[in-house]
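If you want the building blocks of each chain, they are given just below.
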Amino acid sequence: MVKPETRSRIDWVGENCRQLTRIRQEFEGAKPFAGLTIGTGIHLEPKTAILLGTLQAGGARVVATGNLNSTQPETVQYLRAHGVDVQAEQTNDTSVHAQSLQKIMAEQPDLLLDNGGDLFALFADNPYRGLKGGTEETTSGRMRLEPLRDRLKVPVLVINDSPIKQFAENRIAVGQSIFESYMRLTNRATNGKRVTVFGYGACGRGVAANFRNAGAVVSVVDVHPVTALEAHLDGFSTPLRAQAIGGADLIVTETGAQNVVTGDDMPLFKDGVILVNGGHFPTEIAVEALTGDPSVAAREHNAEMAIDTLRLQDGRAVHILCGGHMANLAGPRPLGNSIEAMDLGFALQARCLEHIALGKAARTDCVVPVPDAIDNAVAEAYLALNR
């Protein structure tokens with residue numbers, strides 16, 4: 001009998017990131033990042049390890065940090081063992097995270113791979129010569145960086161504005177992973193539950209569809225009338241905000257905005273409501289305002305399940321998952337989005353950084369979508385591998 005070989009989750013992810021594997025093989029010969037330092041601020045989990053290894057194969061020196069409350073220690077250990085300079089630890093302390101971002105920028109990277117606009121915002125405040133540009137992963141980051149264009153003045157390609165990212169990762173994968181996270185963290189059924197989804201962008205559409213497919217009664221709230229109309233015509237209930245909150249067994253935020261659910265909503269909550277954030281920043285649910293509300297009599301923390309329960313003076317309970325952090329990359333055994341979706345999204349990252357490194361982007365390409373040619377090439381490559 002052959003003795004089984006011990007393999008890690010990162011090994012499994014790497015084997016199934018088929019497009020990144022092909023790009024890595026290409027980069028090993030072409031070396032598009034030779035002599036360049038790439039600074040990254042993105043969730044440090046197994047799929048990210050494969051992306052950063054791909055950039056290394058292209059000749060880059062990689063200095064990396066993570067995002068709040070999503071850094072996985074085994075990924076940090078793996079990256080350091082493979083030569084990546086990691087300045088990160090698992091933390092939800094904003095001051096500790098800010099220090100790690102400063103350490104990345106102190107290296108004055110030639111390219112930035114950002115997730116939420118943290119690194120580019122620091123560059124806007126303290127610019128330096130030599131930054132060629134970089135990428136921003138999220139809608140939250142784009143919203144943050146658009147007002148800074150006049151100060152950035154370098155190419156910044158927004159991965160989240162790619163149609164591939166919108167349907168493959170946001171609608172399909174985020175929808176699946178937020179649903180999976182709810183089931184994993186709570187062990188609660190969805191059938192017959194009333195679910196309110198705030199935000200009907202690609203992520204919100206995916207979340208709403210997954211819960212409806214699992215037997216939930218889903219309502220959607222979106223501040224944009226045309227988007228709310230789309231949700232209505234897609235067959236979802238679109239009540240006014242107060243009604244949507246008051247009737248919900250589960251509330252999911254997917255907006256990219258701040259203070260979507262606040263302490264002012266405390267009188268509206270149904271007894272036993274569960275609050276889940278699927279957005280990038282831990283500010284969509286105003287956790288401090290909720291926990292500090294005068295109506296709260298007691299707070300219970302279940303570390304094993306990553307659930308905080310607020311016991312209200314009138315007897316109601318409000319449950320908050322993962323402290324308001326992005327639920328699919330927090331809590332016990334966080335998996336994040338599917339490997340296939342991230343393989344596509346990270347292929348876009350690798351190709352966009354290559355595009356900028358080779359001088360193919362103009363300074364005016366500042367906070368703009370991925371070029372069509374890159375979208376098409378990534379789509380064709382994925383189909384060639386999976387037909």
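Here, the structure is the one placed above.
Here the structure is a predicted model, which means the values were calculated and not measured.

**Things to note about the packing of helix H3 (residues 46-57) against helix H14 (residues 339-357)**
And then number 1: At a minimum axis separation of 10 Å, H3 and H14 run at an interaxial angle of 25°. One way to sum up the angle between H3 and H14 is to call them roughly parallel. Helix-helix and strand crossings are classified by hand; for H3 and H14 the assignment is right-handed. Contacts from Lys47, Thr48, Leu51 and Leu55 of H3 reach H14 at Ile339, Met342, Phe346, Gln349, Ala350 and Leu353.
And then number 2: When grouped by side-chain class, the residues that make up the contact of H3 with H14 number seven nonpolar, two polar and one charged.

**As for the sheet that holds strand E1 (residues 37-41)**
Whenever strands of a sheet pair, they do so through backbone hydrogen bonds, lying parallel or antiparallel.
And then number 1: Strand order in the open sheet formed by seven strands is E3-E2-E1-E4-E5-E6-E14, with parallel pairing between adjacent strands. Here the strands that pair on one side only, and so sit at the sheet edges, are strand E3 (85-86) and strand E14 (366-369).
And then number 2: Strands E1, strand E2 (61-65) and strand E4 (111-114) of the sheet are contacted by H3, whose axis makes an angle of about 155° with E2.

**Regarding the environment of Thr139**
And then number 1: When you line up the elements, Thr139 lands in helix H7 (residues 139-145).
And then number 2: We classify Thr139 as partly exposed; its relative accessible area is 25%.
And then number 3: Residues Thr139 and Leu353, 214 residues apart in the sequence, show an inter-C-alpha distance of 18 Å.

**A look at the nonpolar core**
And then number 1: Counting 45 residues, the largest nonpolar core has Phe33, Leu55 and Leu111 as its most contacted members.
And then number 2: The element that contributes the greatest number of residues to this core is H14, accounting for 11 residues.
And then number 3: The residues contacting Phe33, other than those within four sequence positions of it, are Phe27, Ile38, Leu55, Gly58, Gly59, Ala60, Leu111, Ala350, Leu353, Glu354 and Ala357.

So, how was this worked out
- Residues numbered from 1 in each chain as written.
- Predicted model: local features only at pLDDT ≥ 70, side-chain atom pairs only at ≥ 80, totals over all residues.
- Heavy atoms only, no water.
- Axes fitted to C-alpha atoms, helices over the stretch in contact; angles between N-to-C directions.
- Helix = DSSP H or I, 4+ residues; strand = E, 2+ residues; numbered from the N terminus.
- Parallel < 35°, antiparallel > 145°, perpendicular 65-115°, else oblique.
- Left-handed = near helix turned anticlockwise from the far one by under 90°.
- Contact = heavy atoms within 4.5 Å.
- Nonpolar A, V, L, I, M, F, W, Y, C, P; charged D, E, K, R; others polar.
- Pairing = 2+ DSSP bridges.
- Buried < 20%, exposed > 50% of the residue type's maximum accessible area, 1.4 Å probe, protein only.
- Core = buried A, V, L, I, M, F, W, Y, C linked by side-chain atoms within 4.5 Å.

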